[in-house]
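Given next are the chains, with one letter for each unit.
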Amino acid sequence: MYLNKEALRDIINDDSRIVFEDIEPRFLSDNLGRLKGRADVLVFPVSQIEVSRLLKYAHENRIPVTPRGAGTNLVGSTVPEEGGIILDLSWMNRILELDRETFTATVEPGVLLKDFQAFVEGEGFFYPPDPGEKESTLGGNISTNAGGMRAVKYGVTRDYVRGLELVLADGTVLQAGSKNVKDASGLSLKNLIVGSEGTLAVITKCILKLIPKPEVSLSVLIPFESLTVGIRNVLTILQANVNPTAVEFVERKVVSLGEEFMGIKYPRPDAGSYILLTFDGRKEEVETSAARVRELVMEHGAMDFLLLDDKKLSDGIWKVRGALVKAVEAVSEQEPVDIVVPINQSDSFIDYINQLEQDSNMQMVSFGHAGDGNVHLCVVRGNRDEETWHRELKENMKKIYAKAYELGGLTSGEHGIGISKRPYFLHETPKENLMVMNRIKKALDPQGILNNGKSYITGGKEDAETV
């Protein structure tokens, strides 16, 4: 690797956008801040031309490049493990076009999700992907195929990406996809990039699908005696064609942590678990759907059916749900995990987690998206010393991922793989699949400079021991 400072200054030509020394720690990690990388330079490009020239230079000199946006990733995808260049795209943050006739918006990758959603809703449109971290960038959401609570009705980020402007590792610029609704023209390069965690190309422009803004939104809280009964009701709800926007599950023991952290109380504290629903659309459709769900769940074991039509109450309920991870963090260090299983296996998986919690004496806090089987899990350190914590965490995580795969699940539903999940992903994924993924990587990035050593990328001594 050879990095010439003057060559990089010729490309950026702005000292405020290039940092060689004293790089802030936040740029060397992810949102958790536990994994620490190293880098020779941090750069903030503001155009596709600068990105292309930077990558061309890095490719020619075999310099590692770590792309990043807001750094809200939770699995180490933005940690620069091999030094080299941190390519921070957060300054490329313009909304370039709102095309009302094609229901699309064209944006740069550094636009924050919360800003984009506020903008399009102010214009009468709606961008459904809604991952929990609203300070994330749209480029980052695309790179991890971020999901969120509204996925059960609207799908995930992939479903709203119409087109991408991409820069390959050697500086080549590609246009993948377009504003067209349909595309059966060759291989879908666009979909190959979505979820690739910055390992195949750098996104410099995004064409995103929009839909009309729903007229109303209504939330419902349904308490159940147990999670098993609640999950069975979720399947009944989904089969009833009432089209809920979000279907969340949370056990009472988890709600208690959120209540204490937020100072907000859930109704029906005698429940063992809750299902939290949202409906949106036209007013009469929403009301009809809520009434149908009430009828169904009251026939199938619900303890109550609480319409959250009071805004203060509704906001409080959702604030507790949204603060569960922070509530756990306030008590102890924890390992945040997202795993996805078939929706009919959610209760079996949570039952296993609860049993493992008892057997291992390690606290495990679970909640998540009941409508799509995406389970979020906080494995809590407690008072364990560093050595014990890492040893027992590794042992239990192996068991957790093995159980998920036994039930037909997968390593990640929406966080990606990065560094943290990589050993488990490599262990559970068929070698044939990994071989194809790495061949694609080699074709698009022959020097292996883009986010090398992350996710599916194999080849090192450590991988041979892991797979």
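Look a little higher up for the structure.
Asker: Give me the side chain of Ser29: which residues, what numbers.
Answerer: Looking at the element boundaries, Ser29 is found in the loop between strand 1 (18-19) and strand 2 (41-43). Once residues lying within four places of it in the same chain are set aside, the contact partners of Ser29 are Arg34, Leu35, Arg68, Thr78 and Val79.

Asker: Quick one: what's the story with the packing of helix 8 (residues 252-262) against helix 11 (residues 324-331), residue by residue and with numbers?
Answerer: Running from amino to carboxyl end, helix 8 crosses helix 11 at an angle of 80°, the nearest separation of the two axes being 9 Å. With respect to helix 11, the axis of helix 8 lies roughly perpendicular. Contacts between helix 8 and helix 11 involve Val254, Leu257, Gly258 and Phe261 on the former and, on the latter, Leu324, Lys326, Ala327, Val328 and Ala330.

Asker: How would you explain helix 10 (residues 311-322) if you had to name every residue and give the values?
Answerer: For helix 10, which comprises 12 residues, the first-to-last C-alpha distance of 16 Å matches the rise-based estimate of 16 Å (1.5 Å per residue) to within 8%. The elements touched by buried residues of helix 10 are strand 12 (216-224), strand 13 (246-251), helix 8, strand 14 (273-281), helix 11 and strand 17 (364-369).

Asker: Any details on the packing of aromatic side chains? Residues and values, ideally.
Answerer: In total, this model carries eight aromatic pairs according to the counting rule given. Where Tyr127 meets Tyr160, the ring centres are 6.2 Å apart and the plane angle is 75°; that geometry is what we call edge-to-face. One end of the pair, Tyr127, is in the loop between strand 7 (125-126) and helix 4 (138-144); the other, Tyr160, is in the loop between helix 5 (151-154) and strand 8 (161-167), with 33 residues separating them in the sequence. Across the pair, Tyr160 and Tyr127 agree in class, each one buried.

Asker: Could you give me a rundown of a nonpolar patch on the surface, with the residues and numbers involved?
Answerer: On the surface, Leu187, Leu189 and Leu192 cluster together to form a nonpolar patch covering roughly 300 Å² of accessible area. With respect to the helices and strands, Leu187 occurs in the loop between strand 9 (173-177) and helix 6 (189-193).

Asker: For the pattern of salt bridges, give the residues involved together with the corresponding values.
Answerer: Per the counting criterion, the structure on display carries 35 salt bridges. A salt bridge links Lys56 to Glu60; the nearest nitrogen and oxygen atoms lie 2.7 Å apart. With a gap of four residues between them, Lys56 and Glu60 both fall in helix 2 (residues 48-61), about one helical turn apart. We classify Lys56 as partly exposed; its relative accessible area is 43%. Note that Asp130 and Arg150 form a salt bridge whose closest N and O atoms lie 3.7 Å from each other.

What counts, and where the lines are drawn
- Residues numbered from 1 in each chain as written.
- Predicted model: local features only at pLDDT ≥ 70, side-chain atom pairs only at ≥ 80, totals over all residues.
- Heavy atoms only, no water.
- Helix = DSSP H or I, 4+ residues; strand = E, 2+ residues; numbered from the N terminus.
- Contact = heavy atoms within 4.5 Å.
- Axes fitted to C-alpha atoms, helices over the stretch in contact; angles between N-to-C directions.
- Parallel < 35°, antiparallel > 145°, perpendicular 65-115°, else oblique.
- Expected span 1.5 Å × (residues − 1).
- Phe/Tyr/Trp six-rings, centres within 6.5 Å; stacked < 30°, edge-to-face > 60°.
- Buried < 20%, exposed > 50% of the residue type's maximum accessible area, 1.4 Å probe, protein only.
- Patch = residues over 30% accessible without salt bridge, like charges linked within 9 Å, V, L, I, M, F, W, Y side chains within 5 Å.
- Areas by Shrake-Rupley, 256 points an atom, 1.4 Å probe, with all protein chains shown as cover.
- Salt bridge = Lys/Arg side-chain N within 4 Å of Asp/Glu carboxyl O.

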